[in-house]
Amino acid sequence: MDGCESGAEQLCVRWLRSLPWKLNVRWPAEETGVVVYVELDRPGLVPCPPDRGFYVDGAATDEVIVERLEHLEPGPELATLLMEIEIRGELSLPTRAAVVIGWHRLGAWVAAREAGATWAAVEQAGPGSMLARSVAREIACATGVSSGRVGRTADLGLGMATHTTLGHAMGAGAMDRDKAEAILRYTDHLDREQATPVIDQAVQGAGLLTLGQVRSRTRALAGWSDPAQAADRHERAMSRRDVWVETAGDAMSYVHAFIDAPSAERILTTLNALALDVADGPDRSTGAFRGDAQSQELSVASPPEPPSVLPPAQLSPRVFAEVSGEASAGTQAQLSPRVFAEVSGEASAGTQAQ
């Protein structure tokens, strides 16, 4: 260590010697004017506290790399280490997995910084103002995203500022943007006093859950926080129950049903039981058995004839008034030929089949 008299180099050497592994360090001569070699117990990649760059002679072990990745907080230091690791090229599979996890954590940190900066810009312009919308459009055009996306980013920044637990989790790389937005979306109907404890609970352990699990858990926590509101939301959702078909291509389709959870559970249980009775075939999955059971039970060669006039509960107020004879002449003129024929009893058999 000749030539290393004092200053930042001396401080860094003392710090490196305190570490429990061996590291060969050469200070850049063009920056310090001296070359320092430090022999410790074991090789590894370690940043230096005085913020002065150094070169590593020899490769760090994979164990040291993984350890450094796990303990570094997301930020410029982690980004630098990840870039240095990629330069090496030859890594074990576990180390590569640790690198991917490190980039994921860094991505969450970047998303948190972007959300905070976006909200700061919107807040400075005045939320809801023309200037704020202009700023959002400028960001959207420059980044190739929609103005709605910029608005959601600003909302995320506001949520992070309002609920510090959420902001700290994203800033630490423990939770990505999708999960944070899901937590805020499913607690949006709660006031701040109710939402804060729900969000605090939803954030705990969210990093180890899938996005779907985070959504389900947050919904449950929000429902428990205010049972009365949960019952009202269920009633509103029940009024929107429906069944519809979505084309999937390749002569296939999806049959969707938006119904109450107990009914959905009973339907699935019935399908599982019926799947045991369909024709056997070892090459089919469980889902294929369910699909065959549903097709055989619900698909019939001759579907029942529809009623000539729909039951009153299924008629619009205008059509129901016409059927009951309470409609005016103006309302009669608004009826389609088929409905008017049904009402007047003059429909043919072909019209009724329609």
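Keep in mind it's a predicted model, so treat the numbers as computed, not measured. (Residues numbered from 1 in each chain as written. Predicted model: local features only at pLDDT ≥ 70, side-chain atom pairs only at ≥ 80, totals over all residues. Heavy atoms only, no water.)

A. Region of the structure containing the overall build of the chain. Scanning the chain from terminus to terminus reveals 18 helices and four strands. Counting all 354 residues of the chain, 30% fall into the buried class. Looking at the chain alone, contacts between residues at least 24 apart form 43% of all its contacts between residues at least 6 apart. Carbon and sulfur atoms make up 55% of the accessible area of the chain, which amounts to about 22,100 Å² in all. (Helix = DSSP H or I, 4+ residues; strand = E, 2+ residues; numbered from the N terminus. Buried < 20%, exposed > 50% of the residue type's maximum accessible area, 1.4 Å probe, protein only. Contact = heavy atoms within 4.5 Å. Areas by Shrake-Rupley, 256 points an atom, 1.4 Å probe, with all protein chains shown as cover.)

B. Representation of helix 9 (residues 177–185). By the criterion of burial, helix 9 is predominantly enclosed, with seven of the nine residues buried. The complete set of buried residues in helix 9 reads Arg177, Lys179, Ala180, Glu181, Ala182, Ile183 and Leu184. Considering only its buried residues, helix 9 is in contact with helix 5 (93–125), helix 7 (147–162), helix 8 (164–171), helix 10 (192–203) and helix 11 (211–225). Where helix 9 begins, one side-chain oxygen reaches toward the backbone nitrogen of Asp178, 3.4 Å away; that side chain belongs to Asp176. (Polar contact = N/O pair within 3.5 Å; in protein donor to acceptor, adjacent residues only side chain to side chain.)

C. Summary view of the side chain of Arg177. If you trace the backbone, Arg177 turns up in helix 9. Of the polar contacts made by the side chain of Arg177, one reaches the side chain of Thr153; its length is 2.9 Å. Excluding residues within four positions of it along the chain, Arg177 makes contact with Ala111, Arg149, Arg152, Thr153, Leu156 and Met170.

D. Highlighting the packing of helix 13 (residues 261–275) against helix 14 (residues 286–298). In contact at an axis separation of 8 Å, helix 13 and helix 14 are set at 95° when each is read in the N-to-C sense. One element, helix 13, and the other, helix 14, form an angle in the roughly perpendicular class. Residue-level contacts link Leu268, Leu271, Asn272, Leu274 and Ala275 of helix 13 to Phe289, Arg290, Ala293, Gln294 and Glu297 of helix 14. (Axes fitted to C-alpha atoms, helices over the stretch in contact; angles between N-to-C directions. Parallel < 35°, antiparallel > 145°, perpendicular 65-115°, else oblique.)

E. Quick look at unusual backbone geometry. The phi torsion at Asp250 lies on the positive side, around 55°, for a residue other than glycine. Locating Asp250 in the fold gives a position in the loop between strand 3 (242–249) and strand 4 (252–258). Not every positive phi belongs to a glycine, and Ala251 is a case in point at roughly 60°. By the element assignment, Ala251 lies in the loop between strand 3 and strand 4.

F. A look at a nonpolar patch on the surface. On the surface, a nonpolar cluster with roughly 440 Å² of combined accessible area is contributed by Val243, Val245, Val255, Ile259 and Ile267. For Ile267, the location among the structural elements is in helix 13. Given the relative accessible area of 45%, Ile267 is considered partly exposed. (Patch = residues over 30% accessible without salt bridge, like charges linked within 9 Å, V, L, I, M, F, W, Y side chains within 5 Å. Salt bridge = Lys/Arg side-chain N within 4 Å of Asp/Glu carboxyl O.)

G. Structural detail: the nonpolar core. The biggest cluster of nonpolar side chains holds 22 residues, and the ones touching the most others in it are Leu156, Leu166, Met170, Met175, Ile183, Ile199 and Val203. Mapped onto this core, the elements with two or more residues apiece are helix 5, helix 7, helix 8, helix 9, helix 10 and helix 11. In this view, Val203 contacts Thr165, Leu166, Ala169, Met175 and Ile183; residues no more than four positions away in its chain are not counted. In terms of nonpolar packing, the next biggest core, distinct from the first, is built from twelve residues, Leu69, Leu91, Ala98 and Leu106 among them. (Core = buried A, V, L, I, M, F, W, Y, C linked by side-chain atoms within 4.5 Å.)

H. The confidence of the model for the chain, seen in detail. For the chain, per-residue confidence averages 75 on the pLDDT scale, and residues scoring 70 or more make up 65% of the total. When mean pLDDT is compared element by element in the chain, helix 9 scores highest at 95, while strand 2 (residues 55–56) scores lowest at 40. Scored below 50 in pLDDT, residues 1–9 shows 15 contacts in the model against residues more than four places distant or in partner chains. Scored below 50 in pLDDT, residues 347–354 makes nine contacts in the model with residues more than four places away or belonging to other chains. (pLDDT = per-residue confidence, 0-100.)

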